[in-house]
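A structural walkthrough
Residue strings, one per chain:
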Amino acid sequence: SLKLYYFPVSPYCRLVNFILADGNIPVEIININLFAAEQNSEEYVRVNPNKTVPALVEDDLILWESHAIAKYLVDKVPFFDPADPVLTFLFYQHASVPDHWYPRNDRVLRAQIDQWLDWINNNYRPPHLVVLRPPVFKDQHHPDQAVHDFLVGVGRKKIDAALDHVDQHLAKTNTPFLVGSEITLADLSLHLQVLLLSLILDEKELINAAKRPHFAEWYSKVPKSVPHWEEINSVFFAARENAKNSK
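Residues numbered from 1 in each chain as written. Predicted model: local features only at pLDDT ≥ 70, side-chain atom pairs only at ≥ 80, totals over all residues. Heavy atoms only, no water.

The next point concerns the pattern of salt bridges. Here the idea is simple: oppositely charged side chains can pair when their charged atoms come close. Enumeration over the complete set of coordinates arrives at 10 salt bridges. For E58, the salt bridge is made with K76, and the minimal N-O distance between the two is 2.6 Å. Residue E58 is found in strand β3 (residues 55-58), and its partner K76 is found in helix α3 (residues 66-76); the two are separated by 18 residues along the sequence. A salt bridge links R110 to D75; the shortest N-O distance between them is 3.0 Å. One end of the pair, R110, is in helix α5 (residues 107-137); the other, D75, is in helix α3, and 35 residues separate them in sequence. Classification of R110 by relative accessible area gives buried; the value is 16%. One continuous salt-bridge network, built from bridges that share partners, spans R156, D160, D164, K211 and R212. (Salt bridge = Lys/Arg side-chain N within 4 Å of Asp/Glu carboxyl O. Helix = DSSP H or I, 4+ residues; strand = E, 2+ residues; numbered from the N terminus. Buried < 20%, exposed > 50% of the residue type's maximum accessible area, 1.4 Å probe, protein only.)

This brings us to the environment of R240. Examined against the element boundaries, R240 turns out to sit in helix α10 (residues 229-245). C-alpha of R240 to C-alpha of L163: the two residues are 77 residues apart in sequence and 21 Å apart in space. The residues contacting R240, other than those within four sequence positions of it, are L195, S198, L199 and E203. (Contact = heavy atoms within 4.5 Å.)

To continue, consider the sheet that holds strand β4 (residues 61-64). Sheet strands pair via backbone hydrogen bonds, and the direction of the pair is either parallel or antiparallel. Strand order in the open sheet made by the 4 strands is β2-β1-β3-β4, with mixed pairing throughout. A strand with exactly one partner marks an edge of an open sheet, and here the two such strands are β2 (28-31) and β4. Across the sheet, the mean angle separating the axes of adjacent strands is 20° when strand polarity is ignored. Where β3 and β4 come together, 4 bridges link them in antiparallel fashion. Bridged to E58 within β4 is L61. (Pairing = 2+ DSSP bridges. Axes fitted to C-alpha atoms, helices over the stretch in contact; angles between N-to-C directions.)

Its 17 residues give α10 an end-to-end C-alpha distance of 23 Å, which sits within 8% of 24 Å, the value for a rise of 1.5 Å per residue. Along its length, α10 reaches its greatest deviation from straightness, about 45°, at V235. For α10, the set of buried residues is W229, I232, N233, F236, F237 and R240. (Expected span 1.5 Å × (residues − 1). Bend = angle between axes of the 7 residues up to and from the residue.)

Its boundaries defined by the atoms lining it, the largest pocket holds a volume of some 550 Å³. Y12, L34, V53, R125 and R133 are, among the 26 residues lining the largest pocket, the residues nearest its centre. Within the residue set of the lining of the largest pocket, elements represented by two or more residues are α1 (11-22), α3, α5 and α7 (185-196). By residue class, the composition of the lining of the largest pocket is 15 nonpolar, 7 polar and 4 charged. Space inside the second largest pocket adds up to approximately 190 Å³. Forming the walls of the second largest pocket are 11 residues, and the residues nearest its centre are V136, L199, I200, A239 and A243. Those elements giving two or more residues to the lining of the second largest pocket turn out to be α5 and α10. Among the elements that make up the lining of the second largest pocket, the one with the highest residue count is α10 (3 residues). Across the lining of the second largest pocket, the residue classes tally to 8 nonpolar, 2 polar and 1 charged. (1 Å grid on protein atoms, 1.4 Å probe; cavity = no way out; pocket = protein on both sides within 12 Å on 5 of 7 lines; lining within 4 Å. Points joined across faces, edges and corners; volume = space filled by probe spheres on them. Nonpolar A, V, L, I, M, F, W, Y, C, P; charged D, E, K, R; others polar.)

Glancing now at the packing of α1 against α10. One can describe the packing of α1 onto α10 by two numbers: an axis separation of 10 Å at closest approach and a directional angle of 155°. With respect to each other, α1 and α10 are oriented roughly antiparallel. Taken as a pair, α1 and α10 cross one another with a handedness that is right-handed. In this structure, α1 contributes R14, N17, F18 and A21 to the contact, and α10 contributes W229, I232, N233 and F236. Each residue belonging to the contact of α1 with α10 can be placed in one class, and the counts come to 5 nonpolar, 2 polar and 1 charged. (Parallel < 35°, antiparallel > 145°, perpendicular 65-115°, else oblique. Left-handed = near helix turned anticlockwise from the far one by under 90°.)

Structural data, given as structure tokens:
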């Protein structure tokens, strides 16, 4: 049996939950409230000493990091055509992760997806956290407010540069998604992280369709391509609405 340690506002947790839901994979959800610092509890630190979510537990296996977990789930649960009732009954008993997320038998596509997942972690995510954490977790990057504001401003510029890069890539490749014609883990990961910034920034200004038309088109296309979008994002959307109303 699978256990997923989960915080519903986290884009990294929701990435994993989308794969579980799309694959109809049974899982026990164990909520870890980051706002209450439950990730620091002795019990959870034994699961994930990094004190981050998500974490997946299956018997003696413990996995951290959303990208690693999502890839594991894709490879763990084979995909069979639901139209074939024999295969459905004999092999996967209604659990089947669609192949497009991380194609099992196409090493070139997997390498390209891995490339984007690494780019997200190394190029997009660091400035994203610099901008996000102060208003959400009350972090201060430096005791001098002027230095803090400078670091946040640099982070915002780096986010803009990263989104410009995505827009240029989509224009050059003329594809609807980051890696070809079908949505992959790379699209879902990036979109959820950009979406998280709408907790603190105006979403339309962040996307900037006038400046980044290809990125804007991609951004609007991803939610339409992901099953259970509204359901799994519902807690995040409610938190975003509360944040807007409290301003």
